[in-house]
Amino acid sequence: MQKMDELLQCSADMYNYYGTKPADEVGLREARKGPGPRATKARELYFETKSSASVEFPYWYTRRWEELEGEVPIIRRAEALKSGFAHLTPAIFPGELLVMQKTAYLRGSYPMPWLSEAFFMEKEEEMYQEARKSGKVSADEVVTMGQGGGNVTKSAGNVISIAGKFGMRQEEMPMLLCIAKKWFNKSVDDVGHKYEQLVPGYKTKEEIMRAVICMFDSGYTLPQGREVMNYYYPLQYGIKGIKEICQEKLEQAAGYPEMDRLYFYKAVVTMLEGLQVWILNHAKEAKFMASLEEGKAQKQTYLDIAERLEWLSENKPRTFHDALQLVWIFHVAVLNEDAISGLSPGRLGQVLYPFWKQDTDKGILDKKQTLEFLECMRMKFTELDCFASMGVVGGVLSGNTFNNLCVGGLDKDGNSAANELEMLILESAMSCDTPQPTLSLLFDEKLPEDFLLKGIECTKIGTGYPAWINNRVAMEFLMNNFKKEGMTLEEARAWSIGGCLETSAGSWMPLKLNGVTHFIPGGSAPATSVGVHFISVPKVLEAVLYNGIDKRTGRRVYPPHHSELKSYDEVWEAFQRYFSLTVEVLALTNNIQHDIWGKVSPSIINSMLKPDCLEKGKDISHKGSRYNRTFNVEVCGGVNLVNSLASLKKNVFEEKNFSLNELKTAIEANFGYQSALKTGAYSLMEQVKKENYKDWLNIHKLCLNAPKYGNDDRYVDEIFKTWQLWFSTMCEEYVSLYNEPLYSCQISVSTHAPMGAVTLATPDGRLGGTAFADGSVSAYPGTDKHGPYALFSSATCYNHALSQNSQLNMKIHPSVVKGREGSRKFLEMIKAYLRKGAFHTQFNIVDSRMLMDAQKHPENYRGLLVRVAGFTQYWVELGKQIQDEVIARTEYEQIV
């Protein structure tokens, strides 16, 4: 293991590792299993397809919206959605067993100007030139998009690149701009912006956004998602049955107090009518495809699709195939309702198990057929795209959509919930290894060993999933935060992961099939990750050192703290003040944005699905869900903050190795190195020295060699624990628009790269412009010098149940976990960590040299998957900032 001050001596063929230096040849992952013929063809088609944007849905949505001026808002919204769905051009691709997608394109999505139209008009209208200077677009300017795969990074011919990812036909652009203009001063963004300016700290909020101390507003950017779907109502009642429930409740509500219930039920019925037309249009398309097909087998497949869709347009499912198709229809329908990332199918194997068991018992379905269905399902999820700005798509999502499918956990009675279908879900993830849906294994001591080893087998081939989640820690968090709303131990067992890593409350729903009641889990809370989205804590510390100034831009962000910072305590107190002010102004402005979202663009489809919206007659923006304490505060760069505080404490205030002013001068000089933004290298590796770098060499070495988190070092771990406890506690001092306390959330997704890009060098020795440490309890690359168990001790120095999550990413050489013995060692290591009270861990099983070669020769690695932070993505679709950071992570050559 290199010393910290040797990290900057790395050449292009060196990387961070712990243990014995690896062999000369590149270590290969264990051989993966191949998908069946259908999934193989689907994946080949996917690899040839670019992300595409359509204006079809927004055109028909906006047209109907304008026709209904003066209508009750939620009815107007439902009619607009109905029109959008009813006019979507159906498309069915050869070989599909599951059909329907967001648009007629395979990798299609579309803009939603009713949420925000400024993004499309800023170059077109002079009135938007000022908007371009506002804080909301700052993140777009520091993000790098993946240059390969399906990203349309540049305009070419008659295809216009939007947000560095989506392609749109040139002839559609005038229509998009025409539609966008109709939403000027009417969109959630514009109306929310109008009223958020009334918040006393609004000017500070805008400066925070300009400095990219906060990544983005959540009220109009991604108002839904990071939550778990609930498929119970369609599975139990079918669309016709849900309409009948709504009609009955509508009649009971008409003319009585709480009249909003009347409008809600009417809106649900209207929206379902649109879904029925959408489904039947695809049935007609299937029949048309059958009429053209000469092959007998494929013709019958099209006819079966048509019959299935016609049935499901009214009725509840009869078979496993029916149930899987209906689940998919409603999943896509919710995605088409709003800009959403992180809409998780949850514990889908447990939801669909009754149908699967019914069919296998009848002999009409076997494991081979099941795998084919599951592989086709994986391809459909992988084809999903989320349309958003470049700062969001690249800087947060890395082109991913975070559809998290969970396996394991406990059932309603507290027994293992793992089943045969979940074993096949793991198997399909190995045979058809795609980014979506990502998998999470809800670890509990009651889960059978063969199930856990199946999870290990899946992780070992390099998929990056399943992530390993501590079931008991999540349940403790839910009991602590939702008890006031009636959360019980039994109900806590129904939880799942929403999005990449957000603990999301669930409920047990009584599915009746063949005279037997099966209690299936499903989400019962709205978006569990809205509120304050991604505060860069190293950037807040930077503002402390410069008395409230963003040194990069020279703009004042915070009021002067007027502290001379003569002691460590003064630094910590100033940080607390600035961080608290950040949370305060962002919470208040985001509350307004979310309130406007609920008024202008309320959720109807997702609300209908979530308990107890149908029972209450309220959508999720009016607390119709069973659990509503779902607003949080997300941070990024916590480990760099803690390492920087440790360096300040030791070097400046205790040992007085240099003064604070000397350190600041060194930081401004980037410790004698060129900026990462200039060199295009975003980790500590391969940095370029300036001629005068020796002027700062001693200070830099002292900063690098100061105590670092991840080594079971009490000095720095106590600082880490203090930060964690204070952060989790202070969040509860602020409330959501539902008057519920906020809670802490600690995931980086991809924000550690763009937020690092705008942050100067930090007192821990990190250079300016380079990425922060990923996750929340991952060590900064190259700083974990004493092996995995020392890292585990540091990571669990506080109670993980205090926060919605924690996140630990590790990179392990394939040789370490090779074979059956390697599998058992790997599983025991994971168990050891989770038994210490950890919430989460996930792995890249890869030789860093393979990643280096893939960066140089992406054309040879189209299907290479890597784990980033809560999600898996194709290497070629990641931006260089994230690629550099993943390469730089410490590679473990031994785990014992």
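Up top is the structure.
All values derive from a computational prediction rather than experimental measurement. (Residues numbered from 1 in each chain as written. Predicted model: local features only at pLDDT ≥ 70, side-chain atom pairs only at ≥ 80, totals over all residues. Heavy atoms only, no water.)

### What to know about the overall build of the protein
Counting its regular elements, the protein contains 34 helices and 24 strands. Relative to a compact globule of 896 residues, whose C-alpha radius of gyration would be 29 Å, the protein shows 26 Å and is just as compact. The dimensions of the protein, computed from C-alpha atoms along their principal axes, are 75 × 60 × 60 Å. Counting over 896 residues, the protein shows a buried share of 68%. (Helix = DSSP H or I, 4+ residues; strand = E, 2+ residues; numbered from the N terminus. Rg over C-alpha atoms; globule rule 2.2 N^0.38 Å. Buried < 20%, exposed > 50% of the residue type's maximum accessible area, 1.4 Å probe, protein only.)

### Focus: the pattern of salt bridges
For the structure on display, the rule yields 48 salt bridges. A salt bridge links Glu877 to Arg107; the nearest nitrogen and oxygen atoms lie 3.3 Å apart. Residue Glu877 is located in the loop between strand E23 (872-874) and helix H34 (880-888), and its partner Arg107 is located in the loop between helix H3 (73-86) and strand E3 (108-109); the two are separated by 770 residues in the primary sequence. For the pair Glu877 and Arg107, one class covers both residues: buried. Here Asp612 and Arg626 are joined by a salt bridge, their closest N and O atoms 2.8 Å apart. Residue Asp612 is located in the loop between helix H23 (605-609) and helix H24 (613-616), and its partner Arg626 is located in the loop between H24 and strand E18 (631-636); the two are separated by 14 residues in the primary sequence. The class for Asp612 is buried, based on a relative accessible area of 15%. Here the salt bridges do not stand alone but share partners, grouping Lys33, Glu427, Lys454 and Glu457 into one network. (Salt bridge = Lys/Arg side-chain N within 4 Å of Asp/Glu carboxyl O.)

### A look at the packing of aromatic side chains
Applying the stated rule across the entire model yields 41 aromatic pairs. Between the aromatic rings of Phe720 and Tyr798, the centroid separation amounts to 5.8 Å while the plane-to-plane angle is 75°, which identifies the pairing as edge-to-face. Within this pair, whereas Phe720 is found in helix H29 (residues 714-731), its partner Tyr798 is found in the loop between helix H31 (788-795) and strand E20 (809-812), the two being separated by 78 residues in sequence. No difference in accessibility class separates Phe720 from Tyr798, as the two residues are buried. Counting every residue linked through ring pairs, the aromatic cluster contains Phe57, Tyr61, Trp65, Phe85, Tyr110, Trp114, Trp183 and Trp278. The ring of Phe519 carries the charged tip of Lys412 above its face, separated from the ring centre by 4.6 Å. When the ring centre of Tyr546 is taken as origin, the NZ or CZ atom of Lys664, which lies over that ring, is 5.0 Å away. (Phe/Tyr/Trp six-rings, centres within 6.5 Å; stacked < 30°, edge-to-face > 60°. Lys NZ or Arg CZ within 6 Å of the ring centre and 35° of its normal.)

### A short note on the side chain of Ser536
With respect to the secondary-structure elements, Ser536 resides in strand E15 (residues 530-536). In contact with Ser536, not counting residues within four places along its chain, are Val212, Ile213, Cys636, Met755, Thr759 and Phe772. (Contact = heavy atoms within 4.5 Å.)

### Some remarks on the sheet that holds E18
The strand order E15-E18-E19 describes an open sheet built from three strands, whose pairing is parallel. Here the strands that pair on one side only, and so sit at the sheet edges, are E15 and strand E19 (743-745). The average angle at which neighbouring strand axes cross in this sheet is 25°, direction not considered. Relative to E18, E15 runs parallel, the two being bridged by five bridges. Bridging from a neighbouring strand, Gly531 pairs with Asn632 of E18. (Pairing = 2+ DSSP bridges. Axes fitted to C-alpha atoms, helices over the stretch in contact; angles between N-to-C directions.)

### Details of the sheet that holds strand E24 (residues 891-892)
Strand order in the open sheet formed by seven strands is E1-E24-E20-E21-E10-E9-E8, and the pairing between neighbours is mixed. Of all the strands in the sheet, just strand E1 (17-18) and strand E8 (404-408) have a single pairing partner and so form its edges. Bridge analysis of E1 against E24 gives two bridges, and the strand direction is parallel. Within E24, the residue paired with Tyr18 across the bridge is Tyr892. Lying over the sheet, helix H19 (residues 471-482) contacts strand E9 (438-443) and strand E10 (467-470), oriented at roughly 55° with respect to E10.

### Notes on unusual backbone geometry
Of note, the amide linkage connecting Gln436 to Pro437 takes the cis form, showing an omega dihedral of -15°. Residue position: Pro437 is located in the loop between helix H17 (420-431) and E9. Of note, Phe402 is a non-glycine position whose phi angle comes to about 55°, a positive value. As for its placement among the helices and strands, Phe402 is situated in the loop between helix H16 (390-397) and E8. The backbone of Val749 sits at a positive phi, close to 50°, despite the residue not being glycine. Mapping Val749 onto the fold places it in the loop between E19 and helix H30 (752-757). Residue classification places Val749 among the buried residues on the basis of a relative accessible area of 3%.

### With respect to the environment of Glu258
With respect to the secondary-structure elements, Glu258 resides in the loop between helix H9 (232-253) and helix H10 (260-292). Exposure remark for Glu258: the relative accessible area of 56% places this residue in the exposed category. In the structure, Glu258 is positioned 174 residues away from Gly84 in sequence and 29 Å away in space, judged by C-alpha atoms.

### Quick notes on the pairing of strand E5 (residues 166-169)
Two elements, strand E4 (residues 159-162) and E5, share four bridges in a ladder whose sense is antiparallel. Bridge pairing in E5 links Ser161 to Gly167. The loop that links E4 with its antiparallel partner E5 comprises three residues; one of these, Ala163, has a positive phi angle of about 60°.

### Looking at the state of the cysteines
Here is the idea: a disulfide is a covalent bond, and it sits between the sulfur atoms of two cysteines. Counted according to the given criterion, the structure contains zero disulfides. The cysteine Cys613 is free of any disulfide, with Cys246 supplying the nearest cysteine sulfur at 11 Å. (Disulfide = S-S within 2.5 Å.)

### Some thoughts on the side chain of Ser187
For Ser187, the position within the fold is in the loop between helix H6 (173-182) and helix H7 (188-196). Leave out the neighbours within four places in its chain, and Ser187 touches Pro113, Trp114, Leu115, Ser116, Glu117 and Gly192.

### Comments concerning the nonpolar core
If you look at the biggest cluster of nonpolar residues, it comprises 266 residues, and the most contacted ones within it are Ile535, Phe575, Phe579, Leu663, Phe671, Trp723 and Ile812. Contacts of Trp723, omitting those with residues within four sequence positions, involve Val537, Trp572, Phe575, Phe579, Val635, Gly638, Leu641, Val642 and Gln746. (Core = buried A, V, L, I, M, F, W, Y, C linked by side-chain atoms within 4.5 Å.)

### Remarks on helix H11 (residues 296-312)
In a regular helix each residue adds 1.5 Å, so 17 residues correspond to 24 Å; H11 covers 24 Å between its end C-alpha atoms and thus fits that length. For H11, the set of buried residues is Gln298, Thr301, Tyr302, Ile305, Ala306, Arg308, Leu309 and Leu312. Taken around the axis of H11, the buried residues stretch over an arc of 165°, which confines them to a single face. (Expected span 1.5 Å × (residues − 1). Arc of directions from axis to C-beta.)

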